[in-house]
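Residue strings, one per chain:
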Amino acid sequence: MSETKREKLAIDGGTPVKTTPFGTGKRFGEEELEQLREALDQNTLFYHFGGKVRQFLGDFNAMYGVKRSVATSSGTAAIHVALGAAGVTAGDEVITSPITDQGTVIGILYQNAIPVFADVLPDTYNLDPASVEAKITPRTKAIVVVHLAGNPCDMDALMSIARRHNLKLIEDCAQSYLTTYKGRLIGTIGDYGCFSTNDFKHISTGDGGIVTVNSGNDEDYAVTHAFADKNYQRFTNAVQREIHHLAPNYRMTELQGAVGIAQLRKLPWICAKRTEYGNRLTEALAGLPGLVPPKVTEGGTSTYWFYLFRLEPSRLSGTVDEFCAALQAEGIPCSRGYIPQPIYMQSMLRNREAYPGTHYPFELSPEIAYGEGLCPVAEEVLRTSVRLTISEFYTGDDIEAMIEAVRKVAASRIG
Ligand SMILES: *Cc1c(COP(=O)(O)O)cnc(C)c1O
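Residues numbered from 1 in each chain as written. Predicted model: local features only at pLDDT ≥ 70, side-chain atom pairs only at ≥ 80, totals over all residues. Heavy atoms only, no water.

1. Structural notes on unusual backbone geometry
Item 1. In this chain, Tyr 360 is followed by Pro 361 through a cis amide linkage whose omega measures 5 degrees.
Item 2. Counting through the fold element by element, Pro 361 comes out in the loop between α11 (347–350) and α12 (376–383).
Item 3. The backbone phi angle of Tyr 125 is positive, close to 65 degrees, even though this residue is not glycine.
Item 4. Tracing the backbone shows Tyr 125 in the loop between β3 (114–117) and α6 (129–134).
Item 5. Phi at Asn 166 is positive, roughly 60 degrees, even though this residue is not glycine.
Item 6. Within the element layout of this structure, Asn 166 appears in the loop between α7 (155–164) and β5 (168–172). (Helix = DSSP H or I, 4+ residues; strand = E, 2+ residues; numbered from the N terminus.)

In structure tokens, the structure reads:
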């Protein structure tokens, strides 16, 4: 390693660590095509008449050991449906994480509820249960926990808070397929688990999503199902068309369901590869001075949607952006943070203006404000972290090259 220290960085004209292309592969093949052909042969692409969405959900339920789930048009839609099923309505407050995709808060605002951000833990980047509890008010209706980048939240603590305060708990599992917590699958522990099958997630149906109904009870399922389908009650004897409350149309089509059936069969392999690669990175980066690998939550396993590690700025010279530039010059794609800033720094929230020309629903909770300093740990995590891409198609050598490049760049910045 002392030799590494003297190595000239690629950014200073040295030889890059990685000069060969990263492993790639085909995500879709004959398996998907066969399912799509069968879907078209049905002569209907409507989920309630065809069999593909039904089978996709059946296979998903079997894999997850859940009784009931509902298919949606996106992960954002899945979260909105869960919120609707949980009874979240105008003026309610919903506590969630500031390090997430805007899809987590969109449904909250469409219900005219108010997002409240709790801070995260500095090592797992997931919600800090103590901060969640401190944000609860009499208006709080639900908590949306985000299992970031394949890593489970501290579910024992969060479930206990939700139960003690009589709150619904919704799991955002968009980045966390087949992630486990104390032997249970993430998405089966809270009241509802929400998944995304957009094109950038572990599996893709182009766009799409799933909501698990973990109570398994028929009425909860009927309400959840109806909320994704204009509030039509399709499981009563005659279709119930009397509309009592507003609900969107977030239906999944048979084409998405067909692709999903084939994709699900690849999921265990995809997740196993990602777990192997992420754990290998952590094993190698742990102990390198100035670097802090992500911590997998106690009792959990991660399926790494990406790999976010932290720099200790006090021990390394230069900025995080300079670190990333040097790593990129070594042939390793990377970027600072996951999102540039916590989600509450978006002007929609800072200005309390989700709908143009009005401050509704924010004016219902006048004491809630958004801006710098709201969640200091989340801000610090995003300021001091480096994101590496992980793909199931990478080879073991690709991962070793990533490790070598990180080691080389870090060594050049010590002391
Ligand atoms: C991708 C994602 C969503 C939204 O999913 P879409 O299918 O893009 O609507 C929500 N939450 C998280 C954490 C995500 O990563």
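Next, the rest of the story.
2. A closer look at the pattern of salt bridges
Item 1. Taken as a whole, this structure holds 23 salt bridges when the rule is applied.
Item 2. Between Glu 276 and Lys 273 there is a salt bridge, and its shortest N-O distance comes to 3.6 Å. Of this pair, Glu 276 and Lys 273 both sit in helix α9 (residues 254–285), three residues apart, which is roughly one turn of the helix.
Item 3. Exposure remark for Glu 276: the relative accessible area of 44% places this residue in the partly exposed category.
Item 4. Classification of Lys 273 as partly exposed rests on a relative accessible area of 23%.
Item 5. Several salt bridges share partner residues, and in doing so they unite Glu 7, Glu 330 and Lys 408 into one network. (Salt bridge = Lys/Arg side-chain N within 4 Å of Asp/Glu carboxyl O. Buried < 20%, exposed > 50% of the residue type's maximum accessible area, 1.4 Å probe, protein only.)

3. Considerations on the site of the ligand
Item 1. Taken together, 14 residues lie near the ligand, and Gly 75, Thr 76, Asp 172, Ser 196 and Lys 201 sit nearest.
Item 2. Taking Ser 196, its side chain carries an N or O atom lying 2.7 Å from an oxygen atom of the ligand.
Item 3. Contact between the ligand and Lys 201: an oxygen atom at 3.1 Å from a side-chain N or O atom of the residue.
Item 4. In the complex, the protein chains occlude 92% of the 380 Å² of accessible area that the ligand would expose alone.
Item 5. In terms of residue class, the shell around the ligand is built from three nonpolar, eight polar and three charged. (Near = heavy atom within 4 Å. Polar contact = N/O pair within 3.5 Å; in protein donor to acceptor, adjacent residues only side chain to side chain. Areas by Shrake-Rupley, 256 points an atom, 1.4 Å probe, with all protein chains shown as cover. Nonpolar A, V, L, I, M, F, W, Y, C, P; charged D, E, K, R; others polar.)

4. As for α9
Item 1. The terminal C-alpha atoms of α9 lie 44 Å apart, and with 32 residues this matches the ideal 46 Å at 1.5 Å per residue to within 8%.
Item 2. The largest bend in α9 is about 40 degrees, located at Lys 266, with the proline Pro 268 one to four residues further on.
Item 3. Just past α9, the residue Gly 287 takes up positive phi, approximately 95 degrees. (Expected span 1.5 Å × (residues − 1). Bend = angle between axes of the 7 residues up to and from the residue.)

Interpretation note: all reported values are geometric properties and have no functional meaning in isolation.
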